[in-house]
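Overview (structure and organization)
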Amino acid sequence: MRTPVRYVHGAALLATGLLAGAFGYGAANVIPTFRAVPMDVRLTFHTTMMKVNEPVMQSAMALAILTSFGLAVAARGRSRRLALGAGALTLTALLITVLGNIPLHAHFRQWAAGAVPAGHAEIIQRWELFHTLRTLAALIAFALLVAIAVLTRPAPRPGALQVGS
């Protein structure tokens, strides 16, 4: 039995939408809050949040990658190309996280347990840049999957009324 493309598309929309929303919330709310509180509060909150966030967000990214590429396998034509793009972008978000953000968390954990070094602002800015890049990748991936829904039209049923006719 073949899974209908629309179910795979729905799963991909849900997964990428949740991923983009989670990253977007962090960019719009968490990072400005981090900037507004004293460094010791930021580091305590950041390190505690990452203990929960890392496995949850990596799972969300994996689900978004799998469903986006799954849609690319199930779809045809323009939909396939857009789904491939979404899959590549969610994979990019994962790579940015694993190679960029997560290694910087080690610095934050060290600082929370001891002294904050003189060059800490540059490391924090690098973490925020990585977060911005992965947020944009996830948002564009979600937009590509929305575009599939908007740009592709299912074939009309025989005898169905057509809008505009």
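Above this text sits the structure in question.
Residues numbered from 1 in each chain as written. Predicted model: local features only at pLDDT ≥ 70, side-chain atom pairs only at ≥ 80, totals over all residues. Heavy atoms only, no water.

Focus on the packing of aromatic side chains
Filter applied, for reference: Pairing of aromatic rings covers Phe, Tyr and the six-membered ring of Trp, with a centre-to-centre limit of 6.5 Å; geometry is then stacked below 30 degrees between planes, edge-to-face above 60, and tilted otherwise. Each helix is a run of H or I in the DSSP string that is no shorter than four residues. Each strand is a run of E no shorter than two, and both are numbered from the N terminus. Exposed residues in this analysis have more than 50% of their type's maximum accessible area, buried residues have under 20%, and partly exposed residues fall in between, with area computed by a 1.4 Å probe over protein chains only. Our definition puts a charge over a ring when NZ of Lys or CZ of Arg is within 6 Å of the ring centre and also within 35 degrees of the ring normal.
This model, assessed by the stated rule, comprises three aromatic pairs. Measuring from ring centre to ring centre gives 5.7 Å for F34 and F45, while their planes differ by 70°; the resulting arrangement is edge-to-face. Of the two residues, F34 sits in helix α1 (residues 5-36) while F45 sits in helix α2 (residues 39-74), which places them 11 residues apart along the sequence. Ring plane angle 65° and centroid distance 6.4 Å describe the contact between F108 and W127, whose orientation is recorded as edge-to-face. You can see F108 sitting in helix α3 (residues 77-113) and its partner W127 sitting in helix α4 (residues 120-151), a full 19 residues away along the chain. Note on F108: relative accessible area 1%, which makes it buried. Within the aromatic cluster, the residues linked to one another by ring pairs are F108, W111 and W127. If you follow R6 out to its NZ or CZ, it ends over the ring of Y7, 5.0 Å from the centre.

With respect to the pattern of salt bridges
Note that side chains of opposite charge can pair when their charged atoms are close. Condition: Any Lys or Arg side-chain nitrogen found within 4 Å of a carboxyl oxygen on Asp or Glu counts as a salt bridge.
Using the criterion set out here, one finds two salt bridges in the structure. The salt bridge involving R35 is made with E128; its shortest N-O contact spans 2.6 Å. You can see R35 sitting in helix α1 and its partner E128 sitting in helix α4, a full 93 residues away along the chain. Through salt bridges with shared partners, a single network forms among R35, R42 and E128.

Comments concerning α1
What counts here: Expected helix span is computed as 1.5 Å times (number of residues minus one). The contact definition used throughout considers only heavy atoms, calling two residues in contact when any of these lie within 4.5 Å.
If you check α1, its first and last C-alpha atoms are 46 Å apart, about what 32 residues at 1.5 Å a residue would give, namely 46 Å. Those residues of α1 that fall on the buried side of the exposure criterion are V8, H9, A12, A15, T16, L19, A20, F23, G26, V30, I31 and F34. Close packing links the buried residues of α1 with α2, α3 and α4.

Points about the environment of F142
You can see F142 is positioned in helix α4. Spatially, the C-alpha atoms of F142 and A74 are 18 Å apart, while their sequence positions differ by 68 residues. For F142, the residues in contact, after removing those within four places along its chain, are L13, T16, G17 and A20.

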